[in-house]
Amino acid sequence: MPIVDLPAGQVHYVERGDGPPVVLLHGLLMNHTVWDTVLDRLPAGFRYVLPDLPLGAHPIPLKPGVDLSLRGLNQLIADFLAALDLRDVTLVHSDWGGGLFLTAYGLDERVGRLVVLPCEAFDNFPPGLPGKMAVVATAMPGGISLALRQLRVRWLRSSPLLFGWMARRPLPDDLVRGWTEPGLRDELIRRDLLAYTKSGFPKAELIANTEALRRFSGDALILWSAAGKVMPREHGRRLAELIPRARLIEIEDAYVLSMLDRPDAVGAAISEFLTGDRAQR
């Protein structure tokens, strides 16, 4: 995997293809592999870039003491886009909604379009039962290591308290093993995760930063799941109403990780958005 040096430290990423850039983000305790089932379903003629964000499954820790609050992580994303000189990016969000705040922080100059799968928004930080369990795990000594080990046990991770409401279908063991290995191996990876989870999530600020998307001037696809309890269905509709040039597509029979539940449907919707936009330009 290539590495880019940022002010906050080194960030690993994978990429494929050439053309207009499409940057795909991921959620807490996940990495770029969450997109593996969809990448082959996306159209040629684009440059797909997938960073491993410092959200607990990244392969190497960042520098000590860096800002890993929502603002700090948005700065890291902006620095990543700048370091690779990516412009007019289609930025794809899933599960972790912090990257939606680039507009609120005035850091979205390199972002031309948005694709928003089910993710945190408005005051839904951290989201649902899995979010509450993450708060408990990060508050307990050794809690993160315990949670990572629990995620490796299939029947435990299928609980609504862990990943049971994140995906309708069981997550493959090898996928979850890859997500949990860095945090179990390196206490500094767990340090980075704690720096984020303990940074604070004031509800009024979260709502205001989401609503700043009224100022986003590019096209947006809100690709929300019709089922699920972690990311409310109405949040997808609210985002579609909020962003001036957004349209909403709802994916049936899917929870948060719709790229795993319905890879064909997700791939088709993103492909149509990418190629339709390109044809109009």
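Below: a short report on this structure. (Residues numbered from 1 in each chain as written. Predicted model: local features only at pLDDT ≥ 70, side-chain atom pairs only at ≥ 80, totals over all residues. Heavy atoms only, no water.)

Side note on the overall build of the chain
When you go through the chain residue by residue, the secondary structure sums to 11 helices and 8 strands. Taken against the 2.2 N^0.38 rule, which gives 19 Å for 281 residues, the C-alpha radius of gyration of the chain at 17 Å falls within 12% of a compact globule. Seen through its principal axes, the chain has C-alpha atoms that stretch 55 × 40 × 40 Å. Looking at the chain as a whole, 57% of its 281 residues are labelled buried. Partitioning the contacts of the chain with sequence separation of at least 6, the portion at a separation of at least 24 is 77%. Accessible surface computed for the chain: about 11600 Å², of which carbon and sulfur atoms make up 53%. For the chain, the centre of its 32 positive side-chain charges and the centre of its 33 negative side-chain charges are spaced 3 Å apart. (Helix = DSSP H or I, 4+ residues; strand = E, 2+ residues; numbered from the N terminus. Rg over C-alpha atoms; globule rule 2.2 N^0.38 Å. Buried < 20%, exposed > 50% of the residue type's maximum accessible area, 1.4 Å probe, protein only. Contact = heavy atoms within 4.5 Å. Areas by Shrake-Rupley, 256 points an atom, 1.4 Å probe, with all protein chains shown as cover. Lys, Arg positive; Asp, Glu negative; His and termini not counted. Charge placed at Lys NZ, Arg CZ, Asp CG, Glu CD.)

Examining the pattern of salt bridges
Applying the stated rule across the entire model yields 17 salt bridges. As a salt-bridge pair, Asp 253 and Arg 169 come within 2.7 Å of each other at their nearest N and O atoms. Of this pair, Asp 253 sits in the loop between strand S8 (246–251) and helix H10 (258–261) while Arg 169 sits in the loop between helix H5 (154–157) and helix H6 (173–185); the two residues are 84 residues apart in sequence, bridging distant segments of the chain. A relative accessible area of 32% means that Asp 253 is categorised as partly exposed. Taking relative accessible area as the criterion, Arg 169 reaches 36% and is therefore assigned partly exposed. With a closest N to O distance of 3.3 Å, Glu 272 and Arg 247 form a salt bridge. With a gap of 25 residues between them, Glu 272 in helix H11 (residues 263–280) and Arg 247 in strand S8 connect regions that are remote in the sequence. Exposure remark for Glu 272: the relative accessible area of 43% places this residue in the partly exposed category. (Salt bridge = Lys/Arg side-chain N within 4 Å of Asp/Glu carboxyl O.)

Concerning helix H2 (residues 70–83)
The end-to-end C-alpha distance of H2 is 20 Å, a good match for the 20 Å that 14 residues give at a rise of 1.5 Å each. Within H2, the full set of buried residues consists of Leu 70, Gly 72, Leu 73, Asn 74, Leu 76, Ile 77, Ala 78, Phe 80 and Leu 81. (Expected span 1.5 Å × (residues − 1).)

Topic: the layout of surface pockets
Of the volumes computed, that of the largest pocket is approximately 660 Å³. Contributing to the lining of the largest pocket are 32 residues, with Leu 28, Leu 29, Pro 130, Met 133 and Ala 134 lying nearest its centre. Elements represented by at least two residues in the lining of the largest pocket include exactly helix H3 (128–139), helix H4 (143–151) and helix H7 (187–197). A per-element tally of the lining of the largest pocket places H3 first, with 8 residues. Its residues placed into classes, the lining of the largest pocket shows 24 nonpolar, 6 polar and 2 charged. (1 Å grid on protein atoms, 1.4 Å probe; cavity = no way out; pocket = protein on both sides within 12 Å on 5 of 7 lines; lining within 4 Å. Points joined across faces, edges and corners; volume = space filled by probe spheres on them. Nonpolar A, V, L, I, M, F, W, Y, C, P; charged D, E, K, R; others polar.)

Looking at the pairing of strand S5 (residues 89–95)
A regular strand carries its side chains on alternate faces of the sheet. Of all 7 residues in S5, 7 are buried, a share of seventy percent or more. Relative to S5, strand S3 (residues 21–24) runs parallel, the two being bridged by 3 bridges. Across the sheet, Val 22 pairs through a bridge with Thr 90, a residue of S5. Bridging between S5 and strand S6 (residues 111–119) involves 6 bridges; their strand directions are parallel. Each residue of the ladder has a partner; that of Leu 91, found in S6, is Leu 114. (Pairing = 2+ DSSP bridges.)

A closer look at H6
With 13 residues, H6 extends 17 Å from end C-alpha to end C-alpha; this agrees with the ideal 18 Å at 1.5 Å per step. Bending of H6 peaks at approximately 30° at the position of Trp 179, with proline Pro 182 no more than four residues after it. Listed as buried for H6 are Leu 175, Val 176, Trp 179, Thr 180, Pro 182 and Gly 183. On the buried face of H6, the contacting elements are H4, H5, H7 and H10. (Bend = angle between axes of the 7 residues up to and from the residue.)

Details of the packing of H4 against H6
Two numbers describe how H4 lies on H6: the axes approach to 9 Å, and their chain directions differ by 160°. It follows that H4 is roughly antiparallel to H6 by the angle criterion. For the crossing formed where H4 meets H6, the hand is left-handed. Facing H4, whose interface residues are Ser 145, Leu 148, Arg 149 and Leu 151, H6 presents Val 176, Thr 180, Gly 183 and Leu 184. (Axes fitted to C-alpha atoms, helices over the stretch in contact; angles between N-to-C directions. Parallel < 35°, antiparallel > 145°, perpendicular 65-115°, else oblique. Left-handed = near helix turned anticlockwise from the far one by under 90°.)

Everything listed here is a matter of geometry and, on its own, says nothing about what the molecule does.
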